[in-house]
Amino acid sequence: MADRFKILRRIRRPRSAAERRPDRDSRVAVIGLGRFGHSLALELMRRGWDVLGIDADPGVVQKAGDELTHAAAADCTDPHALEQLGIGQFSRAVVGIGIDLEASILATSNLVDAGVPNIWARANTRQHGQILERVGAHHVVLPEHDMGERVAHLVTGRMLDFITFDSDYALVKTLAPKFVRGVPLGESRVRSTYGVTVVGIKRPGADFTHATAETVVEPGDVVIVTGRTQAVETFAELE
């Protein structure tokens, strides 16, 4: 039984100087290398972070070992296993465990006890998220819920993309409605009329640029709009 708590395998992937971030604190621990955790870890690597990937399955660790800075097979419900990995020296950690709620909660609690100052934890439900917050997670992510909400907005409206930042604040990408076309944004009174702010604009074949009061919107332009959720939803429905 004691073997279950041993670190089964540890792999190090050397990184070039060009891959390393210039700042001193560039390490992140990702616990749980399923689809969510693995994808997250690879994106962190792409962005220049040093990633310690941890999973209880040695086979998963073996596959991820060549892609991450470090990979370790360990039972993160056991605080001693995390201690052996030096988890207390990390300033950031992500618990990506999804299916096993008990393991998710225990791993998060162990990170709290180890003194990790910034903990992100994946939750399957709002109730799961509330428990993770109560045991000490600083940030709770609900990928399935958030993606479902996002797709619902895209399916039922004219939005091209939809991102929420809080319970009542959102960022929307949408085609510019007719009433803002052909005049500077400052004259269209978007903010005073609809309570939203146009922060970016993209013309066909061009990159996104910042929008200003002098920006003139043309037919076919895509705009980035931010504001209260109801307000941006209303704006995105305008023809």
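Scope of this entry: the structure provided in the associated data block. (Residues numbered from 1 in each chain as written. Predicted model: local features only at pLDDT ≥ 70, side-chain atom pairs only at ≥ 80, totals over all residues. Heavy atoms only, no water.)

### Focus on helix α1 (residues 35–46)
At step 1: The terminal C-alpha atoms of α1, which comprises 12 residues, lie 16 Å apart, in line with the 16 Å expected from a rise of 1.5 Å per residue.
At step 2: On the buried face of α1, the contacting elements are β2 (27–31) and β3 (50–55).
At step 3: At the exit of α1 stands G48, carrying a positive phi of roughly 95°. (Helix = DSSP H or I, 4+ residues; strand = E, 2+ residues; numbered from the N terminus. Expected span 1.5 Å × (residues − 1). Contact = heavy atoms within 4.5 Å.)

### As for the layout of surface pockets
At step 1: Looking at the largest pocket, its volume works out to about 1,000 Å³.
At step 2: Every element with two or more residues in the lining of the largest pocket is listed here: α1, β5 (92–95), β6 (118–122), α5 (126–135), β7 (139–141), α6 (143–156) and β8 (159–166).
At step 3: It is α6 that contributes the most residues to the lining of the largest pocket, six residues altogether.
At step 4: Residues belonging to the lining of the largest pocket are distributed by class as follows: 16 nonpolar, six polar and eight charged.
At step 5: Taken together, 23 residues make up the lining of the second largest pocket; nearest its centre are G32, G34, G96, I97 and G98.
At step 6: Listing elements by their share of the lining of the second largest pocket, those giving two or more residues are α1, β3 and α6. (1 Å grid on protein atoms, 1.4 Å probe; cavity = no way out; pocket = protein on both sides within 12 Å on 5 of 7 lines; lining within 4 Å. Points joined across faces, edges and corners; volume = space filled by probe spheres on them. Nonpolar A, V, L, I, M, F, W, Y, C, P; charged D, E, K, R; others polar.)

### Section: the pairing of β8
At step 1: As paired strands, β8 and strand β9 (residues 169–175) are joined by six bridges and run antiparallel to one another. Looking across to β9, one finds that I163 is bridged to L171. (Pairing = 2+ DSSP bridges.)

### A word on the side chain of D221
At step 1: As for its placement among the helices and strands, D221 is situated in the loop between β11 (209–210) and β12 (222–227).
At step 2: Judged by its relative accessible area of 1%, D221 falls in the buried class.
At step 3: In this view, D221 contacts T174, L175, A176, I201, K202, R203, P204 and V216; residues no more than four positions away in its chain are not counted. (Buried < 20%, exposed > 50% of the residue type's maximum accessible area, 1.4 Å probe, protein only.)

### Details of the packing of helix α4 (residues 101–113) against α5
At step 1: Running from N to C, α4 and α5 cross one another at 25°; their axes reach a closest spacing of 9 Å. The pairing of α4 with α5 is recorded here as roughly parallel in orientation. Both α4 and α5 take part in a crossing whose hand is right-handed. Touching L101, S104, I105, T108, S109 and V112 of α4 are H128, I131, L132 and V135, all from α5. (Axes fitted to C-alpha atoms, helices over the stretch in contact; angles between N-to-C directions. Parallel < 35°, antiparallel > 145°, perpendicular 65-115°, else oblique. Left-handed = near helix turned anticlockwise from the far one by under 90°.)

### Some thoughts on the pairing of strand β10 (residues 196–202)
At step 1: Strand direction decides the pairing type here: β10 and β12, joined by six bridges, are antiparallel. The residue of β12 that forms the bridge with I201 is V223.
At step 2: As paired strands, β10 and β11 are joined by two bridges and run antiparallel to one another. Considered in β11, the bridge of G200 is made with H210.
At step 3: Count of turn residues in the β10/β11 antiparallel hairpin: six residues, of which G205 carries a positive phi of about 80°.

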